[in-house]
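Listed below, chain by chain, are the residues.
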Amino acid sequence: MNVFVTCKFCPDLDRMKQSDFVVQEEMGVDTHFLPNILNCYDESSLELSLRFGETVKNLEKTAFTIGPKTSEQVLDSLLALGFEHAVRVATEYDVRFRPETIAATICNYLHDHPQDLLVLGREAPLGNNAATAQLVASYLNLPLISAVVDFSYRDESSISVTFQHEGSLYRQEVSLPCVFSMENATISKLRMPTLRQRMKAKNCTIEYAQLEQKDSSLFPLPIAMRIPNRRRLSSISQKKGKDAVYELFEKDLKKRLEEV
Amino acid sequence: MNISREEIVEVMKDLVGAENVVTEQEVLEDATFDRFRKFEGYHHVYTNPLPAAVVFVQSAEQVSRVLSFCNAKKINVVPRTGHSATEGGLEPIVENSIILDGSHMNKIIDIDPVNMQATAECGVVLEDLENAVRKIGLTTGHSPQSKPIAMMGGLIATRSIGQFSTMYGGMEDMLAGVETVFPDGTICDIKSVPRRSAGPDIRHIVLGNEGTTNFITKATVKLWKYYPQYQECLGYTLDKMEDGLKIMRTVMVEGYRPSVARLYDAEDGKEHFSHFAPGKCVLIFVTEGPELVSHANAEGIRSIIANYPECEMVETKLIEHWFANLNWDASRIEEERQEVLQTDVVCCTTEISAPWSAVEKIYQVCVDRVTREIPDLTIFGAHASHCYSNGINLYFVYWYKVTDCTPEQEITKYHLPIKKIICEETIAAGGSMCHHHGVGKHRVHWIDKEHGSALYMIKKLKEAFDPNGIMNIGTILPYHETK
């Protein structure tokens with residue numbers, strides 16, 4: 001069995017202050033000064049795939065990313081953690097708001113490297129599309145399970161999957177091959193490789209794939225951008241319990257809710 | 001001790017008021033550890049005995065009454081304010097201890113812009129004091145990473161130091177006067193003067209005592225004019241730690257005074273600079289002060305670095321943004337807790353100081369030995385962040401994945417063996433095993449080697465001020481020494 005996991009190394013927007021949000025040309029925000037992180041959906045996808053691999057004999061795991069050279073730090077870590085393949089699509093092309101291009105690139109790779117299970121994060125900044133998993137499933141004519149929060153091995157040809165729907169959790173058994181779109185899973189942190197694992201993986205190499213550009217007929221590009229007010233407020237009440245809640249509501253929250 | 005737990009609690013209620021004596025199980029459990037045993041704490045494993053109570057005091061007089069009683073009854077007292085200690089200094093290691101908490105003494109008493117000093121009670125959060133003096137264009141010059149949570153009492157008790165130390169110094173340079181209470185109930189107020197030669201500098205009986213001889217209730221610290229508009233931020237990448245250390249030494253020896261001087265190795269830097277310096281060491285200087293001083297220091301540093309072509313300049317905004325996000329507040333600690341529980345990967349630190357002639361060797365030996373001898377490490381790196389004319393500190397940062405052991409075994413399997421290597425190698429090379437976190441209860445194993453013949457003075461101080469051995473048993477000196 002093999003599993004294919006996509007990931008994206010993206011700027012940590014939580015580290016930005018309101019004053020840092022500056023609109024650049026091409027409708028983007030300047031984030032070059034931010035450290036990069038894996039977004040939570042991808043982190044869950046990768047960690048759950050590693051856990052899945054611990055329960056399945058001879059599972060071959062592939063991590064796939066489209067992004068700059070700095071993404072290779074994550075791919076190196078994934079190789080050290082036991083991914084058999086780490087693939088990067090190196091491109092200068094702006095793939096934000098172009099889910100069809102991303103999906104076509106993934107499918108292009110999968111054409112030569114067919115997989116049993118495709119695990120894709122629901123979305124990732126910058127340019128959240130929340131459409132890639134759906135498009136990949138559509139292009140490959142595979143079943144898609146959305147809002148996945150966990151999955152486990154059932155047998156060689158099927159998987160038990162847990163997904164969210166309207167606040168409830170459901171379990172389903174699905175036949176392979178299929179596509180998962182990962183939602184907020186409880187398991188949201190990717191493990192770190194040990195120094196020894198990193199040393200052992202030193203000779204593992206990252207593979208490269210090509211970008212497949214596809215016109216966005218289904219997804220027209222945005223035409224305008226506005227930065228919302230992300231003002232944050234902290235307030236400490238000297239009161240306790242219910243009194244503190246009322247005070248915070250009267251003093252701060254009420255006014256802000258009225259603004260909304 | 002000839003008194004029951006219940007009797008201790010009743011007396012405490014009489015002394016400070018029932019509302020200030022907390023005996024809830026959860027609070028007592030939380031009081032059994034500080035950040036040294038955070039892994040155990042996150043797993044709700046409590047290896048130290050529960051204290052009898054956490055007692056919140058409101059005044060020096062209350063502290064005096066509580067200490068007098070505990071002294072008479074030989075009850076162990078663990079002084080505490082911000083609860084951000086890292087070396088186990090806040091652990092109550094004997095039964096029926098009292099956690100004496102000064103965090104409710106949180107008034108800023110006076111800000112004196114004429115004499116350039118501020119007086120605050122022990123429970124004032126450093127960030128609150130800093131924000132108050134910033135409103136009138138002044139600064140304490142003190143900015144440890146724990147600034148949002150650490151309080152004045154603890155900062156003095158551990159000889160804290162901050163990120164701007166190369167210009168403003170450590171707590172020993174900032175403390176002008178201090179009020180403190182001894183176990184027999186004596187309240188001493190060391191007056192605040194610019195300098196004096198009236199015998200030994202008694203501030204140093206208070207500074208760094210880690211709650212082992214007295215309980216700090218009030219402090220006066222120096223203030224400086226704050227000139228953010230003239231700050232210059234310089235960042236460089238380079239390949240080798242030894243080159244960075246040479247540059248830092250030259251900057252200090254030539255007489256320049258940046259406020260910040262930091263050097264990260266590639267491993268430690270991974271956590272901070274992977275977005276612009278993967279696999280590289282990073283060297284950072286900040287200069288500040290009056291316009292002419294700040295720019296002259298920056299110019300001098302630039303001219304020194306020009307002699308090192310391997311240094312590549314980094315865009316200022318990258319460094320400024322990183323620096324603005326360096327401090328730890330309560331939400332960051334909560335994030336860490338969640339991450340540790342999910343991954344079993346823990347980050348711990350040990351900071352040392354060393355003369356210039358020994359620092360490279362200490363760094364190399366520790367990296368070699370720890371990475372060879374300790375299992376399950378995910379990162380082992382270091383940075384230097386406090387510079388002096390005669391040496392520098394090294395702050396070892398290590399992450400390990402707790403594997404095949406229980407939460408209570410984590411310390412003996414990983415943290416203490418790493419600390420042992422670092423402390424022993426540092427002392428052997430002529431450095432100090434503690435730069436600014438204090439000895440706590442987990443570096444006492446090497447306190448004799450640390451002080452050598454001068455340990456006599458530490459023991460005599462303890463005997464003189466705490467003859468019954470009731471103050472923070474097992475801190476600075478091992479328990480068997482203080483019994």
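Residues numbered from 1 in each chain as written. Chains lettered and ligands numbered in written order. Predicted model: local features only at pLDDT ≥ 70, side-chain atom pairs only at ≥ 80, totals over all residues. Heavy atoms only, no water.

Visitor: Please give an account of the side chain of Thr62(A) that cites residues and values.
Guide: Tracing the chain through its elements places Thr62(A) in strand S6 (residues 60–66). Those residues in contact with Thr62(A) that sit more than four places away from it in its chain are Val3(A), Phe4(A), Val5(A), Phe83(A), His85(A), Val87(A), Tyr109(A) and Gln115(A). (Helix = DSSP H or I, 4+ residues; strand = E, 2+ residues; numbered from the N terminus. Contact = heavy atoms within 4.5 Å.)

Visitor: Go over the sheet that holds S6(A) with me, naming the residues and quoting the values.
Guide: Residue and element names in this part refer to chain A. Read across the open sheet, the 9 strands follow the order S11-S10-S9-S12-S8-S1-S6-S7-S13; overall the sheet is mixed. Of all strands in the sheet, those with a lone pairing partner are strand S11 (168–175) and strand S13 (207–209), marking the two edges. With direction set aside, neighbouring strand axes in the sheet form an average angle of 30°. Pairing geometry for strand S10 (residues 158–165) and S11, over 8 bridges, is antiparallel. Directly across from Phe163, in S11, lies its bridge partner Tyr170. Contacts from helix H2 (residues 72–81) reach S6, strand S7 (85–89) and S13, with the element oriented near 165° to S7. Contacts between helix H3 (residues 99–112) and the sheet are confined to strand S1 (2–6), S6, S7, strand S8 (117–121) and S13, with S6 contributing the most and set at about 145° to the helix. (Pairing = 2+ DSSP bridges. Axes fitted to C-alpha atoms, helices over the stretch in contact; angles between N-to-C directions.)

Visitor: Describe in detail the nonpolar core, supporting the description with residues and values.
Guide: Residue and element names in this part refer to chain B. One finds Met248, Phe285, Phe380 and Phe396 to be the most contacted residues of the largest nonpolar core, which totals 52 residues. Here the element with the most residues in this core is helix H15 (residues 356–373); it accounts for 8 residues. Summarising the domain contributions, this core has at least three residues from each of domain 3 (228–322) and domain 4 (330–436). (Core = buried A, V, L, I, M, F, W, Y, C linked by side-chain atoms within 4.5 Å. Buried < 20%, exposed > 50% of the residue type's maximum accessible area, 1.4 Å probe, protein only. Domains from an automatic or database assignment.)

Visitor: Just give me the short version of the pairing of strand S8 (residues 175–181) of chain B, but keep the residues and values in it.
Guide: Residue and element names in this part refer to chain B. Within S8, 7 of the 7 residues are buried, which leaves the element mostly enclosed by the surrounding structure. Across 6 bridges, the pairing between S8 and strand S10 (residues 215–222) is antiparallel. Bridge pairing links Thr180 to Ile216 in S10. Across 4 bridges, S8 lies against strand S9 (residues 187–190) in antiparallel orientation. Bridging across to S9, Val181 finds its partner in Ile187. Linkage of S8 to S9, two consecutive antiparallel strands, is achieved through a turn of 5 residues, within which Gly185 is found at a positive phi near 100°.

Visitor: So what's going on with the packing of helix H10 (residues 241–253) of chain B against H15(B)? Which residues, and what values?
Guide: All names here are of chain B. Between H10 and H15, the shortest axis-to-axis distance is 11 Å and the interhelical angle comes to 160°. Relative to H15, the element H10 is oriented roughly antiparallel. H15 is crossed by H10, and the crossing has right-handed handedness. Contacts between H10 and H15 pair Met241, Glu242, Leu245, Lys246, Met248, Arg249 and Met252 from the former with Trp356, Val359, Glu360 and Tyr363 from the latter. Its residues placed into classes, the contact of H10 with H15 shows 7 nonpolar, no polar and 4 charged. (Parallel < 35°, antiparallel > 145°, perpendicular 65-115°, else oblique. Left-handed = near helix turned anticlockwise from the far one by under 90°. Nonpolar A, V, L, I, M, F, W, Y, C, P; charged D, E, K, R; others polar.)

Visitor: For the domain arrangement of chain A, give the residues involved together with the corresponding values.
Guide: The domain boundaries assigned to chain A delineate domain 1 (2–209) and domain 2 (232–260). Computed from C-alpha atoms alone, the centre-to-centre distance between domain 1 of chain A and domain 2 of chain A is 39 Å.

Visitor: An account of the domain arrangement of chain B is needed here, citing residue identities and associated values.
Guide: Residues and elements named next belong to chain B. Considered domain by domain, chain B is made up of domain 1 (5–103), domain 2 (108–225), domain 3 (228–322) and domain 4 (330–436). The straight-line distance from the C-alpha centre of domain 1 to that of domain 2 is 23 Å. Across the contact, 18 residues belong to domain 1 and 19 residues belong to domain 2. Summed over both sides, the interface between domain 1 and domain 2 buries roughly 1300 Å², with carbon and sulfur atoms accounting for 69% of that surface. Our enumeration of links across domain 1 and domain 2 arrives at 0 salt bridges. Linking domain 1 with domain 2 are 4 residue pairs in polar contact (both at pLDDT 80 or more). If one sorts the elements of the side of domain 1 that touches domain 2 by residue count, helix H4 (residues 60–73) sits on top with 7 residues. (Buried area = accessible area lost by both parts, 1.4 Å probe. Salt bridge = Lys/Arg side-chain N within 4 Å of Asp/Glu carboxyl O. Polar contact = N/O pair within 3.5 Å; in protein donor to acceptor, adjacent residues only side chain to side chain.)

Visitor: Residues and numbers for the interface of chain B and chain A, please.
Guide: Quoted interface sizes are often the accessible area lost when the parts come together. The partner chain A presents 22 residues to the 25 residues of chain B that form the contact. Carbon and sulfur atoms make up 53% of the area that chain B and chain A hide from each other, which totals about 2100 Å². Together, His275(B), His321(B) and Gln342(B) form the three largest contributors to the area buried by chain B at its contact with chain A, with a combined 30%. Where chain B packs against chain A, one counts 2 salt bridges. Between Glu339(B) and Lys189(A) there is a salt bridge, and its shortest N-O distance comes to 3.8 Å.

Visitor: Provide a residue-level description of the sheet that holds S9(B), including the pertinent values.
Guide: Backbone hydrogen bonds hold the strands of a sheet together, and the pairing may be parallel or antiparallel. All names here are of chain B. Spatial ordering of the open sheet is given by S5-S6-S10-S8-S9, a layout of 5 strands whose pairing is antiparallel. In this open sheet, the two edge strands, each paired with only one partner strand, are strand S5 (108–112) and S9. Averaged over all pairs of adjacent strands, the angle between their axes in this sheet comes to 10°, without regard to strand direction. By the bridge criterion, 4 bridges tie S5 to strand S6 (residues 117–121) in an arrangement that is antiparallel.

Visitor: Explain the packing of H15(B) against helix H16 (residues 410–428) of chain B to me, using residue names and the numbers behind them.
Guide: Residues and elements named next belong to chain B. Running from amino to carboxyl end, H15 crosses H16 at an angle of 155°, the nearest separation of the two axes being 10 Å. What the angle tells us is that H15 and H16 run roughly antiparallel. The way H15 lies across H16 gives a crossing that is right-handed. Of H16, the residues touching H15 (which contributes Ile362, Val365, Cys366, Arg369, Val370 and Glu373) are Ile418, Ile421, Ile422, Glu425 and Thr426. In the contact of H15 with H16, the residues fall into 7 nonpolar, 1 polar and 3 charged.

Visitor: Tell me what's going on with a nonpolar patch on the surface, and back it up with residues and numbers.
Guide: On the surface, a nonpolar cluster with roughly 280 Å² of combined accessible area is contributed by Phe249(A), Leu253(A) and Leu257(A). With respect to the element layout, Phe249(A) can be found in helix H6 (residues 241–259). (Patch = residues over 30% accessible without salt bridge, like charges linked within 9 Å, V, L, I, M, F, W, Y side chains within 5 Å. Areas by Shrake-Rupley, 256 points an atom, 1.4 Å probe, with all protein chains shown as cover.)

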